[in-house]
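Letter by letter, the chains look like this.
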Amino acid sequence: MKTIAIDHLPIEKNPIYSNDFNSAYIYSNIMLPLFKHNGKAVRKNACKNFKIIGNKYIIEIYDNIKYNNGQQVNINDYYTTFKNILNKKCYAKYLLENVKKIYVKKNRLIFILKHKDKFFLEKLTFFAFSPYNNGLTCGPYCISKKDHQFILLSKNKYSFLNTKNNSSHLKFIYYKNDVQAFFEGKVDRTNITTFPVEQIHNMKPNIFDSNMFFVVKFSPKLMNNRYRKFRKFISNNINKEEINKSLKKTYTIKNDFLMNNNCKLSAKKTRKKSRKLLNNESKLILGYTDFYPNGKIASILKEQLEKLNLNISNKIYELCKATNYDLYIDIIYSPFFSEESLYLSKYFKIVNGKLYRILCGLYESTKMKIFFEIIKFICSYNSNIIPLFKNKYIYLER
């Protein structure tokens, strides 16, 4: 059995409605989507064959896929999963927003798209696009036990994938200090989040690129369009290189789409305007979770913002809990590996409005660079979110 540390359990109990990082981390072991992404390209998974004719995608699955109780999985099980997702408000539904029609014909699953989407196969790699039937799953593992502290996965003996070399069990367990738990022999792998690498450098940790971003978000109040200049002012005056240096450049992946390279505003003019918009409030609260390096980032941001004559107070908020702080440090998880995934995300399509969604549709169907440049310009102009850096996965493993 392999024991793996996590910083929280999945938010959703039903995998097909989940999106948070730990859900993907855990549930991807029990699900079997049609396609998978190896970090470089899309590969067939449950899909045996597929054909693309214009906006029509015709998909055939393997005939030896089984649930963890031995029951046969057929194409209608996949169809039911997609229909259930389309009837639910969840992240996976957003990935299917371009689907005009889905049906089964001659034992094949058929998608008809509203318009061309050169990212559609990549979207189908999302772990939630897999049959889930009253707790039954068809991935290489299945859930055998769980409580408020851990989830235990057992190998699915009916899996059609080659799992001969897999561990018999995977136990995902909550630890606030996962590295200490590793030193004490309680876990075989630490959580793949950040940690002061200089303290574990001699142990040769695994370090590789991730698809997670550290960002600064704004409260619903400051997301109002009349605060756009204030958000822009904050974005233009955050020194990300200083944050990078303070973290000794250990965690950051070079990020060439920081969204604050365009339409610089006059600091003096915007400062006065921001004061007026904020009704001369005496203090702004910057929230952060009590996980490294969030506290360190928050301290640096506080110093930078106070130099702009803003009164900042830092406060800790609980992970996965709603916060009403004016600004807060968060981590965005993208299930995909392309640079475009951040800009084409559901979040930006909502906050940037109808024109932005139209432009995203045009870019998804054509991949013309001009549309992508306009998309980035709009994100920069509105400053609805401030990406700080894309971070690396770092973990210890026995």
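What counts as what
Residues numbered from 1 in each chain as written. Predicted model: local features only at pLDDT ≥ 70, side-chain atom pairs only at ≥ 80, totals over all residues. Heavy atoms only, no water. Helix = DSSP H or I, 4+ residues; strand = E, 2+ residues; numbered from the N terminus. Buried < 20%, exposed > 50% of the residue type's maximum accessible area, 1.4 Å probe, protein only. Contact = heavy atoms within 4.5 Å. Areas by Shrake-Rupley, 256 points an atom, 1.4 Å probe, with all protein chains shown as cover. Core = buried A, V, L, I, M, F, W, Y, C linked by side-chain atoms within 4.5 Å. Axes fitted to C-alpha atoms, helices over the stretch in contact; angles between N-to-C directions. Parallel < 35°, antiparallel > 145°, perpendicular 65-115°, else oblique. Nonpolar A, V, L, I, M, F, W, Y, C, P; charged D, E, K, R; others polar. Pairing = 2+ DSSP bridges. Salt bridge = Lys/Arg side-chain N within 4 Å of Asp/Glu carboxyl O.

Draft legend 1. Representation of the overall build of the protein. In terms of regular secondary structure, the protein is built from 13 helices and 16 strands. Looking at the 398 residues of the protein, the share that counts as buried comes to 52%. Looking at the protein alone, contacts between residues at least 24 apart form 70% of all its contacts between residues at least 6 apart. Summed over its atoms, the accessible surface of the protein is roughly 19400 Å², and 48% of this surface lies on carbon and sulfur atoms.

Draft legend 2. Main features of the environment of Phe120. With respect to the helices and strands, the residue Phe120 is situated in helix α4 (residues 120-123). Phe120 gets classed as buried once you look at its relative accessible area, which sits at 1%. Each C-alpha atom, one on Phe120 and one on Leu96, is 8.6 Å from the other, the two residues being 24 residues apart in sequence.

Draft legend 3. Up close: the environment of Lys390. Structurally, Lys390 is set in strand β16 (residues 385-395). Given a relative accessible area of 18%, Lys390 falls into the buried group. Between the alpha carbons of Lys390 and Asp209 there is a distance of 8.5 Å; along the sequence they are 181 residues apart.

Draft legend 4. Examining the nonpolar core more closely. By size, the foremost hydrophobic cluster in this structure holds 55 residues, and its most contacted members are Leu34, Tyr78, Phe82, Phe111, Leu124 and Phe129. At 5 residues, helix α1 (residues 21-27) tops the list of elements feeding residues into this core. In this view, Phe129 contacts Leu32, Pro33, Leu34, Tyr78, Thr81, Phe82, Ile85, Ala92, Leu95, Leu96, Lys123 and Leu124; residues no more than four positions away in its chain are not counted.

Draft legend 5. Region of interest: the packing of helix α6 (residues 228-237) against helix α13 (residues 369-382). Running from amino to carboxyl end, α6 crosses α13 at an angle of 100°, the nearest separation of the two axes being 7 Å. Put simply, α6 runs roughly perpendicular to α13. Across the interface between the two elements, Arg228, Arg231 and Lys232 of α6 pack against Ser380, Tyr381 and Asn382 of α13. The residue inventory of the contact of α6 with α13, partitioned by class, reads 1 nonpolar, 2 polar and 3 charged.

Draft legend 6. Molecular detail of the sheet that holds strand β6 (residues 99-105). The antiparallel open sheet is built from 4 strands, whose spatial order is β4-β5-β7-β6. Of all the strands in the sheet, the pair left with one neighbour each is β4 (47-53) and β6. Neighbour-to-neighbour, the strand axes of the sheet open up by a mean angle of 15°, direction not taken into account. With 6 bridges joining them, β4 and strand β5 (residues 56-61) adopt antiparallel strand pairing. The partner of Cys47 across the bridge, within β5, is Ile61.

Draft legend 7. Fine view of the pattern of salt bridges. As enumerated under the stated definition, the model contains 13 salt bridges in all. With a shortest N-O distance of 3.1 Å, Arg189 and Glu397 are connected by a salt bridge. Residue Arg189 is found in the loop between α5 (178-183) and β11 (206-218), and its partner Glu397 is found in the segment after β16; the two are separated by 208 residues along the sequence. Looking at Arg189, the relative accessible area reads 17%, which means it is buried.

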